[in-house]
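One-letter residues, chain by chain:
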Amino acid sequence: MRLKPIALLLLTILISLTLVGIAARIAPPEARADIREQETQLTSLPENQQGELLTALVKHYRDNDPLKSLAYGEQALAIFARWPDDVRKVAVLNNMAWVYVSLSQYEKAQQRTDESKQLAKTGGDLRGLFTAHTMQGIIYWRKADYQTALKTFEQAQEIARQENDLRGIANTTNYMAIIYQTLGQPEKALDYFMRAFNIQKELGDEKSIAVSLNNIANMYGTSGNYSLALDYQLQSRKIREELNDLPGLAQILGNIGLTYFYLKDSEQALSYLQRSLGYYESLKDQQGIAEIHGNLGMVHLHEHQLESALLQYQEALSLAKAIPDTALEARINIDLANAYIELDDPEQAFKQITTGLEQANRLGIVSIGAYGLLTLAKVEKLRGNSQRALALSAKALDSSRQLQDKRIVRDAHEFRYLLYKSLGQAAQALESLEAFKQVNDEMFNSESDQRLAFLLSHFEAEQQEQQIKLLQADQALQKTQLAQHTYQRNVWLGGLSVLFIIILLLVNRHHQRKINASLNQNIQSQRELIQAVAHEFRSPLARVQLAFDMLEEQFSQSKPTRLIDTINNGLGELEKLIKEALDFIQMENKSRPLHLSQVNLNKMLGELIEANTSLYPDKAFRLEANHDDNYSLKADSTQITRAFSNIIRNAARFARSQVLITLSQEKSAFLVIIEDDGPGIPMAQRDRVFEPFVRLDQSRCRDSGGIGLGLALAKKICEAHGGTLTISSSHLGGAKLSLTCPVSCKASENKQ
């Protein structure tokens, strides 16, 4: 009989009994002795004071004497009915639910968690609600309702995150990892196991660390690293013995027995499995008992003790049906099918395998499905259906590759080799044989190296343990001295660091002042240079204009009108550009005074629209304002008119057909919005529009006039009056410029 890889699944499923992180850690011996002493005084306490002690007793006996825990639980519930204490009642209900789960009485466990959840919700007890959700997740998991279990664990984890409960997050993460491994998602399971392990290491909780060690062992076992798995399991067992964790000991002993089985040591496997069975029987854990009977049947079958194997499998199947546990039934039915194959009973084997596969497929357990497909292929071969056996073994091969289960891959290749050989298909038989040898060699070499490494590591560990004990006292002394030296060194380093930072800040401040002064000087020099150049341009420009006027008078009769107009227009435009540059520099330097007077915005905008209508006859200008309102603004009439003129002319220049101007008053300011239906301005370039001498080629052509000062000057004028100018997208499709002007200008007239 081939070693059955599905038993690897048990290495994970048995973790459940150890994940009792939803409750408190096992009390130390002093606490246990104290609570037993208090137990003897229970009847002497007044009834209204018994609730606290009964709650502690329910929790104390939950793992070691479940029936006694339930009895105390009933007493506590009766007390709380007369003397209400919702928090302790929730704790009692959750602990009783855990006991019922360990006894495989899932309906009673569900009833207790429903009561607990409702009571915790009503009282706002998040801790009790978390425990109730976690217990319900365990119940759904043990009943093989994996999707509902996942959803319930996620709800519990969300509550733990709200409370920043790292232990609760780690425990629920572990549960979800187990379910993902059961559903055949090893990568996701490993990711969740590692998340939980990192949290538990941070907490330093011995019981949780024992759980994590077992999880790591299971992952090594799944990949075929049985010696390493055994090493981690023995470490976990040591912690659980120190904690006197009976459910955890039952679980870890069963896992160790399975690992010895895969290391081909049947004698040790039987020894550990029998000890595990004894613990489960003392705890009355029906599911644990059924699991161990199934594993014992697997060991007997490997040793060709067929009658003993059948007895063990049938006992396990009977218990699984009584619980009920469909997932366990599925696995044992497939194991029974393999036993009947060895007994050369194809019909009984077919009956067991079809039942097991149907159950596994209904639950969606991929790992059991792969194992069942290969078993069904063996049954079909025994019944003489060779082609169907080949097809089923191919499916099993694909599924086991997905699961990364080398043992099923190896067994599938060996089965196909023997089948092809019996059919006389030499080429296919040779191909399957080569694949079988390759996988088998990988596993054999890996297991041999691991076994040797395992033995050497344990031999070295014994020697190192003695040396460590001798060095511990010396290390403690050295640690104290090192701590003193470290403290002194840190004080000196801290002082030097502070001094260095202060010096660095002072030097940096000095350099920054020099840089700022240099930049200000350069900016001022550039402004003065541009202003001087503009002033110098105006003198020769005036002389050229005068000379041209005199020349025009001499040739007044025969002057070429078109040429003269062109020259006059060019000179006028040049004069205008120089004036704009000078105005912008003066506004930026704040050297131009504001001559404030009352300005009627409605009238001013109307005049500007009339002026631009003649300049742009193909564009429609529209002003929207309430003519009954008084839009009177105290401002520099010349400057504010120039700002609005620049903005309106800019909108008209790039509009396709219309320009819309909206005037309104908001609190103590006027809002003027100027929109067009032109190409608009890209979001990334809107800030650059207000920079001087900037022209955006994407939406403006070079023959559109201007040197890029119109909007920059308008913005400076707005700011000088205490207002703002912003740009956005218009519903017309083009640009939308929004200008705000305070009703009363806050800017004082600047000195020249």
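Small disclaimer: the values here were computed from a predicted structure and weren't measured.

Draft legend 1. Looking closely at the confidence of the model for the protein chain. When pLDDT is averaged along the protein chain, the result is 79; 78% of the residues meet or exceed 70. Taken as a whole, residues 450–465 scores under 50 in pLDDT and shows 13 contacts with residues more than four places along the chain or in a different chain. Contacts from residues 698–704, a stretch scored under 50 in pLDDT, to residues over four places away or in other chains number 13 contacts.

Draft legend 2. Layout of unusual backbone geometry. We note that H304 has phi near 65 degrees; this positive angle belongs to a residue other than glycine. The topology assignment puts H304 in the loop between α15 (286–302) and α16 (306–322). Judged by its relative accessible area of 52%, H304 is exposed.

Draft legend 3. Spotlight on the state of the cysteines. Taken as a whole and assessed by the stated rule, the structure comprises zero disulfides. You can see C718 has no disulfide; the closest cysteine sulfur is in C741, sitting 5.4 Å from it. For C718, a relative accessible area of 1% corresponds to the buried category. For C741, a relative accessible area of 2% translates into the label buried.

Draft legend 4. Region of the structure containing the packing of aromatic side chains. On inspection of all chains with the given rule, the structure shows seven aromatic pairs. Taken together, a centroid distance of 4.7 Å and an interplanar angle of 5 degrees make the contact between F153 and Y175 stacked. Of this pair, F153 sits in helix α8 (residues 146–162) while Y175 sits in helix α9 (residues 166–182); the two residues are 22 residues apart in sequence, bridging distant segments of the chain. Taken individually, F153 and Y175 each receive the classification buried, so the pair is uniform in this respect. Chaining the aromatic ring pairs together yields one cluster made of W141, F153 and Y175. The residue whose ring lies beneath R383 is F350, and the NZ or CZ to ring-centre distance is 4.0 Å.

Draft legend 5. Seen up close, the side chain of S266. Position of S266 among the secondary structure elements: in helix α14 (residues 266–283). Residue classification places S266 among the buried residues on the basis of a relative accessible area of 11%.

Draft legend 6. Up close: α14. In a regular helix each residue adds 1.5 Å, so 18 residues correspond to 26 Å; α14 covers 26 Å between its end C-alpha atoms and thus fits that length. All of the buried residues in α14 are S266, A269, Y272, L273, S276, L277, Y280 and L283. Buried positions in α14, seen along its axis, are confined to an arc of 145 degrees and lie on one side of it. Looking at the packing, one finds that the buried side of α14 touches α4 (66–82), α12 (226–243), α13 (246–262) and α15. Positive backbone phi, approximately 60 degrees, marks K284, located one or two places after α14.

Calculation criteria
Residues numbered from 1 in each chain as written. Predicted model: local features only at pLDDT ≥ 70, side-chain atom pairs only at ≥ 80, totals over all residues. Heavy atoms only, no water. pLDDT = per-residue confidence, 0-100. Contact = heavy atoms within 4.5 Å. Helix = DSSP H or I, 4+ residues; strand = E, 2+ residues; numbered from the N terminus. Buried < 20%, exposed > 50% of the residue type's maximum accessible area, 1.4 Å probe, protein only. Disulfide = S-S within 2.5 Å. Phe/Tyr/Trp six-rings, centres within 6.5 Å; stacked < 30°, edge-to-face > 60°. Lys NZ or Arg CZ within 6 Å of the ring centre and 35° of its normal. Expected span 1.5 Å × (residues − 1). Arc of directions from axis to C-beta.

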